[in-house]
Amino acid sequence: MFDKPAVMLAPLAGYTDPPFRLLCFEFGADLAETEMISSEGLIRGCERTAAMMDIFEGEGRVGIQLFGSRPPSMASAAEIAAKKRPAFIDINFGCPVKKVVRKNGGAGLMRDLDLMGRIARAVTSAVELPVTAKIRSGWTRESENYIEAGRILQDCGVSAVTLHPRYRSQFFRGEANWNHITSLNAELEIPVIANGDIAGPAELREIINKTGCLTVMVGRAAIGRPWLFNKLRREIRRIYGSIVENGDYEKEAEYPDSLSDKLKIFEKFVRMEVDYKGEQRAILEMRKHYRWYIRGYRGMKEYRARLSRCETLEEVLSILSQVREEIEGN
Ligand SMILES: Cc1cc2nc3c(=O)[nH]c(=O)nc-3n(C[C@H](O)[C@H](O)[C@H](O)COP(=O)(O)O)c2cc1C
């Protein structure tokens, strides 16, 4: 699966739910992941956790991402996840959040590669599906160990490793060090997925040229811009030409040039969220998205403030149509 040029939507907690992923697929993403899902929550049968594994019909290839620190729990959670028929299972060894690393989850495992290996082995033995792992460069610069981690994961039967080349101590600060991705890709026989600071087509080309990775993963740049995948897909086509044309690519949705076109996509997004989560929860959870969709235009501050006070779909749609009227009137 990771042997063809591809752009993947990164797992983003609070963002990469089925409606958002569906939009990204429509614009040309090849692969995507759920947000990180607690293995302990899954095996306890927590409904809210289980719902995070939902995959819509019509989505492309989606991986379910799991986190946890106990190999037997991770194995059981992977078996539960496999029933949802994802394209692959991903293991999170990169989350820097205190609440997660304190219990030895996420990037906490960069401090204990022995346990990391046991988790990876437990998961690859539990399911037939491809298993991937997402790591950081290390816990701190002083304890950098991504090459060793990559080798261990490869030996444990992992199909591909994503590297977000920052240390846990950096969280999201500083620059992603793409040299680490180049080194890891040279070292491993399994594919390495390149991630970190890809803002658009220019960085996509640069990271591919620099690292030689076939699959690249884009996170923050896609928040509020699912249409970015249209441009990324085109760039991939420019780089690889006929390989891509003959691959399993279909035509992506048109890139929206105007704010009005972007708002139409946003409206579709809000409606999908309401259908999926119910109005009250959807409108509340959409609040974090508004600022991304109407940014970079004059006079939008007030609309943004009003949107983030909305409680019903009707209110949201009414404000969106006022924004459209205002820009079309100008
Ligand atoms: C809001 C937010 C949520 C994230 N949630 C996850 C997650 O659930 N699992 C994960 O492996 N990484 C998560 N990440 C990290 C991203 O997947 C990605 O590795 C990181 O943002 C670097 O890539 P980017 O520069 O393209 O954003 C998250 C990042 C952000 C900003």
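Residues numbered from 1 in each chain as written. Predicted model: local features only at pLDDT ≥ 70, side-chain atom pairs only at ≥ 80, totals over all residues. Heavy atoms only, no water.

(A) Inspection of helix α10 (residues 228–240) at higher detail. With 13 residues, α10 extends 19 Å from end C-alpha to end C-alpha; this agrees with the ideal 18 Å at 1.5 Å per step. Remark: G241 follows α10 within two positions and exhibits a positive phi of approximately 50°. (Helix = DSSP H or I, 4+ residues; strand = E, 2+ residues; numbered from the N terminus. Expected span 1.5 Å × (residues − 1).)

(B) Structural context of the sheet that holds strand β5 (residues 131–138). Spatial ordering of the closed barrel is given by β1-β2-β3-β4-β5-β6-β7-β8, a layout of eight strands whose pairing is parallel. On average, adjacent strands in this sheet sit at an angle of 30° to one another, irrespective of strand direction. Two strands pair when backbone bridges link them, and strand β2 (residues 31–38) and strand β3 (residues 61–67) are joined in this way by six bridges, in the parallel orientation. Bridging across to β3, A32 finds its partner in V62. Lying over the sheet, helix α4 (residues 71–82) contacts β3 and β4 (88–93), oriented at roughly 155° with respect to β3. Sitting on the sheet, helix α7 (residues 146–155) touches β4, β5 and β6 (160–167), and the angle it makes with β5 is about 165°. (Pairing = 2+ DSSP bridges. Axes fitted to C-alpha atoms, helices over the stretch in contact; angles between N-to-C directions. Contact = heavy atoms within 4.5 Å.)

(C) Quick look at the site of the ligand. In the vicinity of the ligand there are 17 residues, among which A13, Q65, N195, D197 and R220 approach most closely. P11 places a main-chain nitrogen or oxygen 2.8 Å from an oxygen atom of the ligand. A distance of 2.7 Å separates an oxygen atom of the ligand from a polar side-chain atom of R220. Expressed as a share of its isolated accessible area of 620 Å², the protein-covered part of the ligand is 87%. When the residues that make up the shell around the ligand are grouped by side-chain class, the tally is eight nonpolar, six polar and three charged. (Near = heavy atom within 4 Å. Polar contact = N/O pair within 3.5 Å; in protein donor to acceptor, adjacent residues only side chain to side chain. Areas by Shrake-Rupley, 256 points an atom, 1.4 Å probe, with all protein chains shown as cover. Nonpolar A, V, L, I, M, F, W, Y, C, P; charged D, E, K, R; others polar.)

(D) Inspection of the packing of aromatic side chains at higher detail. Under the criterion given, the structure shown has eight aromatic pairs. Ring geometry for F2 and F88: centres 5.5 Å apart, planes at 80°, overall edge-to-face. Within this pair, whereas F2 is found in the segment before β1 (6–9), its partner F88 is found in strand β4, the two being separated by 86 residues in sequence. Owing to a relative accessible area of 4%, F2 belongs among the buried residues under this scheme. Note on F88: relative accessible area 0%, which makes it buried. Above the face of the W139 ring, R111 is positioned so that its terminal group lies 4.0 Å from the ring centre. (Phe/Tyr/Trp six-rings, centres within 6.5 Å; stacked < 30°, edge-to-face > 60°. Buried < 20%, exposed > 50% of the residue type's maximum accessible area, 1.4 Å probe, protein only. Lys NZ or Arg CZ within 6 Å of the ring centre and 35° of its normal.)

(E) Fine view of helix α13 (residues 279–293). Here α13 is 15 residues long and its end C-alpha atoms lie 20 Å apart, about the 21 Å a rise of 1.5 Å per residue gives. The sharpest bend along α13 reaches about 50° and sits at R287. (Bend = angle between axes of the 7 residues up to and from the residue.)

(F) A look at unusual backbone geometry. Of note, F171 is a non-glycine position whose phi angle comes to about 50°, a positive value. Inspection of the secondary structure assignment puts F171 in the loop between β6 and α8 (178–187). Backbone geometry at D197 places phi at a positive 65°, although glycine is not the residue there.

(G) The arrangement of the pattern of salt bridges in detail. Within this structure, the stated rule accounts for 23 salt bridges. A salt bridge links R166 to D197, with the nearest nitrogen and oxygen atoms 2.8 Å apart. Remark: D197 occurs in the loop between β7 (192–195) and α9 (201–211) and R166 occurs in strand β6; sequence separation between them is 31 residues. Looking at D197, the relative accessible area reads 29%, which means it is partly exposed. Close ionic contact of D197 with R220 constitutes a salt bridge, the shortest N to O distance being 3.0 Å. Here the residue D197 occupies a position in the loop between β7 and α9, and R220 occupies one in the loop between β8 (215–218) and α10, the gap between them amounting to 23 residues. Taken together, the shared-partner salt bridges in this structure form one network comprising D17, R48, E273, K277, R281 and E285. (Salt bridge = Lys/Arg side-chain N within 4 Å of Asp/Glu carboxyl O.)

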